[in-house]
Structure formats: structure tokens, C-alpha cells
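Coordinates in review
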Amino acid sequence: MAKKEECGKCQGTGWRVVPRNDGTPGKVAVACDCGVADRAAHVVERARIPKRYEHCDFGSYETNLAGGAYTPEAERALKQAKLQAECFARDYPVVDESGLLFMGNAGVGKTHLAVAILRELLKRGHSGYFCEYGKLLREIQNSYNAASQATEMSILEPVLKTEVLVIDDLGVIKPSDWVRDVIGFILNTRYSDASQDLNHRRCTIITTNYLDEPRDRKGPAKDPSGRSIEVREDTLADRIGARTRSRLYEMCKTVEVAAPDFRREVRQAGHVRA
């Protein structure tokens, strides 16, 4: 596709003058095709999707590895998660839930699927915004500094108002009353706005490494015999509060991705991810 400065149709203006298509005399200005790629890139930029996720779409989401690095059960879990994400994006906004909550180990592609949904909906003209949970909280905290030019509400406004919001890595920040209050405020505001005005829906897509049931894992400490002492991992309710977790049951359909860490399996199998 020609760059705008090379385009013979619009002479670099980004607009073409064409006859009206309603049968009336005269001409109108329409956007030139040469700017389609630029406009698409601008939409993605405004949604603040990080560069490292530019490749994330449904086509590039891998559900198996050569050499049997994944078990059949893990492959089925990945395929089911991908299918649910594709169906949600395809049917939106005519969906039963106002969002999805992807839960599972690190490295199973939760963020990949969330971004794939967001990119698909952006292409269809919906507004969207991507935020990393930990980074968002740090930005809000920094706004309290007297030298900061940003305010808490200027940071929160796109998070609260955008039609399609992705919250990545929910629960990663150590919980405190302030942390729980902030995420509770965000989710409750989006939920109540959507409930009060069906013409202004608020779709929230969330990823988290925390599950609803506690898991035990080997910790760094060892017992006298040299064996690692198992420690209990926090649940999602531990990290965001039981009330906010309850709210998510109303807002989002839970998609648990039960598979091993993809990045670890790739390294062990000697594969390189595209």
C-alpha cells in the first residue's frame, strides 16, 4: 500500500474527493485507503497495547508443541480457552457475560488471548484500553506526589470509561486496604455504569495467575531432612478481597487455563516461539 506522501489519489492529504453516492449532485471528501494502516496503528496505540504483544492474535495462539511437550489434557485446556475467547469476540456485544476472567499458571497465554480479543474488537470499531495491574497502581500512587502533573482521576478515567478494558495480571501487587479499595472501585464503577445504561456497556477482560482454590507449592525453606517445605499460595480472593471476587462472578465468565508454563516447556523441549 502506498504511503500517503506517495499516494496519487489523495496527494498525501489522506482524503479523496468523490461524487456523492446518494444521487444528489456535488462531491464529498472521504478518507483515502492509503491511511487505513496508519489509522489502525493509531487505534492500537491509543489502546496502549504494549509492543511486546503486537503479535498476539488468535492465529498465533499455539495450543500444542511438537514432541509432546504438552499432555493431551493440557492441549485440550488451551484449545478450549482459545475457543471461548474466539466465541466471545465473535458474538460481542450480544454475549451473556460482560467480560472474561482468564485464570491459570504463568505462561499459558492468558494475556495473548485477552489481547487477541481486544484487537479484534478494536478492528470492529469498539473503543478499548489495556492496563497492567501493577503499573496502573504505581501510576496512581505516583499521582499523589505534589510534583506529578497527572491526577488520580486522569489516570483512572480511561480505565473506568472505555468500552473494552483489559486488566492484565490482576493480584500481582501485594494486597493492602488501599490496593483492594482501588480495584474494587474500578470494577464496581464499570459494573454499575453498564447496569444503569445498557447503551454504554463496559466489557472487562481480566487475566490472573491466582486461582479460587488454594494451591501448595515448594517454598525456599527446607526441613531438617533437606526437603522443601510446602507453602500455601494465595487465592484470588486473598489478593483482591472476597467482595471484589464476588463481584467478578457477576461481571465475567471464568476461563481456567489448566496447562504448564508454555515458556518453560518451550525451553525444555528446545523450541523457539515465533
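The following paragraphs examine the structure supplied in this document. This structure is a prediction, so every number in the text was calculated from the model and none was measured. (Residues numbered from 1 in each chain as written. Predicted model: local features only at pLDDT ≥ 70, side-chain atom pairs only at ≥ 80, totals over all residues. Heavy atoms only, no water.)

Overview of the pairing of strand β5 (residues 164–168)
Filter applied, for reference: Burial here depends on accessible area, computed with a 1.4 Å probe over protein chains only, as a share of the maximum for the residue type. Under 20% is buried, over 50% is exposed, and the range in between is partly exposed. Numbered from the N terminus, helices here are DSSP runs of H or I no shorter than four residues, and strands are runs of E no shorter than two. Strand pairing requires that DSSP identify at least two bridges connecting the strands.
Extensive coverage of β5 is indicated by the burial of 5 of its 5 residues. Neither face of β5 is exposed, since V164, V166 and D168 on one face and L165 and I167 on the opposite face are all buried. As paired strands, strand β4 (residues 128–132) and β5 are joined by 5 bridges and run parallel to one another. Bridging from a neighbouring strand, E132 pairs with D168 of β5. As paired strands, β5 and strand β6 (residues 203–208) are joined by 4 bridges and run parallel to one another. Across the sheet, residue V164 finds its bridge partner in β6, namely C203.

Here's the deal with the pattern of salt bridges
Stated formally: Salt bridges are identified by distance alone: a Lys or Arg side-chain nitrogen within 4 Å of an Asp or Glu carboxyl oxygen.
Using the criterion set out here, one finds 11 salt bridges in the structure. Where R245 meets D212, a salt bridge forms, and the shortest distance between an N and an O atom there is 2.8 Å. On the criterion of sequence distance, the pair formed by R245 in helix α8 (residues 242–251) and D212 in the loop between β6 and β7 (216–222) is long-range, its members being 33 residues apart. A residue is classified by how much of its surface remains accessible, and R245, at 3% relative accessible area, is buried. A relative accessible area of 30% means that D212 is categorised as partly exposed. Two residues, R232 and D238, come together in a salt bridge whose shortest N-O distance is 3.4 Å. Taking the relative accessible area as the measure of exposure, R232 reaches 48% and is therefore partly exposed.

Considering the sheet that holds β6
This is how it is decided: The axes used here are C-alpha line fits, helices contributing only the stretch in contact, and every angle between their N-to-C directions lies in the interval 0 to 180 degrees. Contacts: residue pairs with any heavy atoms within 4.5 Å of one another.
If you trace the 5 strands from one edge of the open sheet to the other, you get β4-β5-β6-β3-β9, paired in parallel fashion. Looking at which strands have only one partner, the edges of the open sheet turn out to be β4 and β9 (253–257). Averaged over all neighbouring strand pairs, the angle between strand axes comes to 15°, with direction disregarded. Of the strand pairs in this sheet, strand β3 (residues 99–104) and β9 are connected by 5 bridges, and their pairing is parallel. The residue bridging L100 from the neighbouring strand is K253, located in β9. Packed onto the sheet, helix α4 (residues 133–143) meets β4 and β5 and runs at close to 85° relative to β4.

Concerning the side chain of T244
With respect to the secondary-structure elements, T244 resides in helix α8. For T244, the contacting residues outside a window of four places in its chain are R180, I183, G184 and L187.

Overview of helix α3 (residues 110–123)
Stated precisely, the cut-off is as follows: The span you would expect from a helix comes to 1.5 Å times its residue count less one.
Between the first and last C-alpha of α3 there are 20 Å, a value that for 14 residues agrees with the 20 Å anticipated at 1.5 Å per step. Most of α3 is tucked away, with 11 of its 14 residues classed as buried. Where α3 ends, the next residue or the one after it, G125, has phi of about 100°, a positive value.

What about α8?
Defined as follows: The arc in question is traced by the directions running from the helix axis to the C-beta atoms.
Those residues of α8 not exposed but buried are T244, R245, L248 and M251. Here the buried residues of α8 occupy an arc of 110° about the axis, which is enough to place them on one side. Turned more than 90 degrees away from the buried face of α8, the exposed residues are A242, R243 and Y249.

Details of the environment of R245
Using the following cut-off: Identification of polar contacts relies on pairs of N or O atoms within 3.5 Å, with a donor-acceptor requirement for protein atoms, meaning one able to donate a hydrogen and the other able to accept it, and with residues adjacent in sequence counted only if both atoms are side-chain atoms.
Linking R245 and G184, residues 61 residues apart in sequence, is a C-alpha distance of 9.0 Å. If we skip the residues at most four places from it in the chain, R245 touches L101, M103, D212, L236, A237, I240 and T254. Of note is the side chain of R245, whose polar atom sits 2.8 Å from the side chain of D212.

Some words on the packing of helix α2 (residues 72–91) against α3
Our working rule: Angle categories are assigned with fixed cut-offs, so that under 35 degrees is roughly parallel, over 145 is roughly antiparallel, 65 to 115 is roughly perpendicular, and the rest are oblique. Note: crossing handedness is left-handed where the near helix turns anticlockwise from the far helix by less than a right angle, and right-handed where it turns clockwise.
At their nearest, the axes of α2 and α3 sit 10 Å apart, and the two run at 20° to each other. One element, α2, and the other, α3, form an angle in the roughly parallel class. Crossing geometry of α2 relative to α3 is assigned as right-handed. Where α2 approaches α3, its residues A81, K82, A85, F88 and A89 are matched on the opposing element by L113, I117, E120 and L121.

Quick word on the state of the cysteines
Inclusion rule: Two cysteine sulfurs form what is called a disulfide whenever their separation falls within 2.5 Å.
This model, assessed by the stated rule, comprises 0 disulfides. Not part of a disulfide, C203 finds its nearest cysteine sulfur in C252, a span of 7.7 Å.

Description of the packing of α4 against helix α5 (residues 152–161)
Convention followed: All amino acids are sorted into three groups, where Ala, Val, Leu, Ile, Met, Phe, Trp, Tyr, Cys and Pro are nonpolar, Asp, Glu, Lys and Arg are charged, and the leftover types, Gly among them, are polar.
For the pair α4 and α5, the least separation of the axes is 8 Å and the interaxial angle reads 150°. Considering their axes alone, α4 and α5 lie roughly antiparallel with respect to each other. Seen from α4, the contacting residues are L136, E139, I140 and S143; seen from α5, they are E152, I155, L156 and V159. Broken down by class, the residue content of the contact of α4 with α5 amounts to 5 nonpolar, 1 polar and 2 charged.

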